[in-house]
Amino acid sequence: MTSQTKIKPKLKPLLAALRDLDETQLRQAIVDILSPTCDVRMCHPFGDLTTDSLYDTCFKPLQIAFPDVERRDAIIVRGTTPEGSDWVGCCGSYVGTFVAPFLEIPPTGHLAHMRFHEFYKISNGQVVEVQAIWDIPELMMQANAWPMAPSLGREWATPTPMTQDGLVDRPDDTAQSNQSLTHVIDMLVALSRHPIEPVASMELERYWHPKMSWYGPAGIGTARGISGFRNWHQIPFLNAMPDRGQYKDEVLAHFFAEGDYVAVTGWPDMAQTMARDGWMGIVPNGQKIKLRSLDFWRMEKGKIRENWVLVDLLDVYSQLGVDVFARLREFNKARATGPIPIADEAVA
């Protein structure tokens, strides 16, 4: 296992440049830190990119829409996977004043936030792979322009860890990290037993804290407690795709841990069939889909207390033949969607 204290400095200049998204600094950091052949895997609609196209494709439009944009990291987890790869996972939000359209989402003229989960694979001192999901539907909702079915869970500004230690530099503790990692993997194995086996086979109370919070992506929302998790996410999810977990040869997940925090990145890390109704209002069509899910868990007293989850839902819709952005255009065609001028000084 690579010392986590040796992984962190490799990414530090990039994270510093992302904090205020200064164009000159960020362009240089991308060149310096990302390998020229880095595999940049961005969420829909950006798709797979190259190192030299990352800034202009993703960050430049974000800066135009949010001229005062800043990045607020809430969790940074560093670790080595059981296969020996070094990864850093970052969770937080891009925040700023939404004054111009972003991906055809109409601006609000007010403060807005967009959650991100970004994972960086490091090899020989450079980033060689990026896997990133931006919660673009979250912006659509704040603009009152979400064109799909409403969430079952609670939509809000997802909080930082209640322990406020998501950014703490932790000394290497292999034993604690391995214990946390084992607990999460065992929990996922138990979850996959249902619906083939009875609900009790998932042993939710064994793995999850009674006051757990599951922070899902916009479109699904946050669920509180085991009953909230079951009702607002798991039941409709499994009802719609009961063959979850049966296509392990078609997915690849990278797990790593740091102390009480566990992270997983996969592109994709789930494959299943949209066989029944009930999930996000999507009509079942019998099509197998693959899901990209980037997750963070925080352990507390031997159980999972908090779980941050982002799924590339726009990619799910795209696989099913639904163009969310086309629907967005229809939804907003009678609405002014141009830039909103905000005066720097109040006018008497």
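Above this text is the structure in question.
In short, a report on the structure. Computed from a prediction, not measured in an experiment: that's the story for all the values here. (Residues numbered from 1 in each chain as written. Predicted model: local features only at pLDDT ≥ 70, side-chain atom pairs only at ≥ 80, totals over all residues. Heavy atoms only, no water.)

Side note on the sheet that holds strand 8 (residues 222–224)
Ordered in space as 8-7-14-13-10-9, the 6 strands form an open sheet in which the pairing is mixed. Unpaired on one side and paired on the other, strand 8 and strand 9 (253–258) mark the two borders of the sheet. The mean angle between the axes of side-by-side strands here comes to 15°, regardless of whether they run parallel or antiparallel. Here 4 bridges tie strand 10 (residues 261–266) to strand 13 (residues 293–300), and the two strands are oriented antiparallel to one another. When the bridges of strand 13 are listed, Ala263 appears paired with Phe296. Sitting on the sheet, helix 5 (residues 174–191) is in contact with strand 7 (208–215), strand 9, strand 10, strand 13 and strand 14 (303–311), with an inclination near 140° to strand 9. This element, helix 7 (residues 225–240), spans strand 7 and strand 8 of the sheet and lies at about 140° to strand 8. (Pairing = 2+ DSSP bridges. Helix = DSSP H or I, 4+ residues; strand = E, 2+ residues; numbered from the N terminus. Axes fitted to C-alpha atoms, helices over the stretch in contact; angles between N-to-C directions. Contact = heavy atoms within 4.5 Å.)

Some remarks on helix 9 (residues 324–331)
Among the residues of helix 9, those classed as buried are Val324, Phe325 and Leu328. With its buried residues spanning 95° around the axis, helix 9 presents them on a single face. Where helix 9 is buried, its residues touch helix 4 (136–142) and helix 8 (313–319). Of the residues that open helix 9, the one with a side-chain oxygen 3.0 Å from the backbone nitrogen of Phe325 is Asp323. (Buried < 20%, exposed > 50% of the residue type's maximum accessible area, 1.4 Å probe, protein only. Arc of directions from axis to C-beta. Polar contact = N/O pair within 3.5 Å; in protein donor to acceptor, adjacent residues only side chain to side chain.)

Quick word on the pairing of strand 9
Within strand 9, 5 of the 6 residues are buried, which leaves the element mostly enclosed by the surrounding structure. Relative to strand 10, strand 9 runs antiparallel, the two being bridged by 6 bridges. In the sheet register, Ala257 faces strand 10, and the bridge partner there is Val262. In this antiparallel pair of consecutive strands, strand 9 and strand 10, the connection spans 2 residues, and Gly259 shows a positive phi of 65°.

Topic: the state of the cysteines
Enumeration over the complete set of coordinates arrives at 0 disulfides. This cysteine, Cys38, is not joined by any disulfide, and Cys58 carries the nearest cysteine sulfur, 12 Å off. Considering cysteine sulfurs only, Cys91 is the nearest to Cys90, which forms no disulfide, with 9.0 Å between them. Residue classification places Cys90 among the buried residues on the basis of a relative accessible area of 0%. (Disulfide = S-S within 2.5 Å.)

Observations concerning helix 7
End to end, helix 7 covers 22 Å across 16 residues, agreeing with the expected 22 Å (1.5 Å per residue, within 8%). Along helix 7, the helix axis deviates most sharply at Gln234, where the bend reaches about 45°; the proline Pro236 sits within four residues downstream. Turning to helix 7, its buried residues are Gly225, Ile226, Gly228, Phe229, Arg230, His233, Gln234, Pro236, Phe237, Leu238 and Ala240. On its buried side, helix 7 packs onto helix 5, helix 6 (204–207), strand 7, strand 8, strand 11 (270–273) and strand 12 (288–291). (Expected span 1.5 Å × (residues − 1). Bend = angle between axes of the 7 residues up to and from the residue.)

Quick notes on the pairing of strand 1 (residues 34–42)
Where strand 1 meets strand 6 (residues 126–134), 5 bridges bridge the pair, whose relative direction is parallel. Along strand 6, the bridge assignment pairs Val40 with Val130. In the sheet, strand 1 pairs with strand 2 (residues 48–49) via 2 bridges, with the strands oriented antiparallel. Opposite Val40, over in strand 2, you have Leu49 as the bridge partner. Two successive antiparallel strands, strand 1 and strand 2, enclose a turn made up of 5 residues, where Gly47 displays a positive phi of approximately 80°.

Some details on the side chain of Ser180
Relative to the assigned elements, Ser180 resides in helix 5. The contact partners of Ser180, leaving out residues within four places of it in the chain, are Gly259, Asp260, Val262 and Met299.

Some words on the pattern of salt bridges
If you walk through the whole model with that rule in mind, you get 21 salt bridges. A salt bridge links Glu70 to Arg72, with the shortest nitrogen-to-oxygen separation between them at 2.7 Å. Here Glu118 and Arg71 are joined by a salt bridge, their closest N and O atoms 2.7 Å apart. In this pair, Glu118 is assigned in strand 5 (residues 111–123) and Arg71 in strand 3 (residues 70–80), connecting sequence segments 47 residues apart. The residues Glu118 and Arg71 share a single accessibility class, namely buried. What you see here is one network of salt bridges that share partners, running through Arg78, Asp169, Arg170 and Glu258. (Salt bridge = Lys/Arg side-chain N within 4 Å of Asp/Glu carboxyl O.)

Some points on unusual backbone geometry
Of note, the bond from His44 into Pro45 is cis; its omega dihedral lies within 30 degrees of zero at 10°. With respect to the helices and strands, the residue Pro45 is situated in the loop between strand 1 and strand 2. The omega torsion across Trp267 and Pro268 is 0°, close enough to zero to call that bond cis. Mapped onto the secondary structure, Pro268 falls in the loop between strand 10 and strand 11. If you check the backbone angles, Glu104 has positive phi at about 70° while not being a glycine.

Focus: the side chain of Asp86
Tracing the backbone shows Asp86 in strand 4 (residues 86–97). Polar contacts involving the side chain of Asp86 include one to the side chain of Thr80, which spans 2.7 Å.

Brief notes about the packing of helix 2 (residues 23–33) against helix 3 (residues 54–65)
Helix 3 packs onto helix 2 with a crossing angle of 155° between their chain directions and a minimal axis gap of 11 Å. Here helix 3 runs roughly antiparallel to helix 2, going by the angle between their axes. By crossing handedness, the relation of helix 2 to helix 3 is classed as right-handed. Taking contact as the criterion, the partners of Glu23, Leu26, Arg27 and Ile30 in helix 2 are, on helix 3, Leu54, Tyr55, Asp56, Phe59 and Gln63. (Parallel < 35°, antiparallel > 145°, perpendicular 65-115°, else oblique. Left-handed = near helix turned anticlockwise from the far one by under 90°.)

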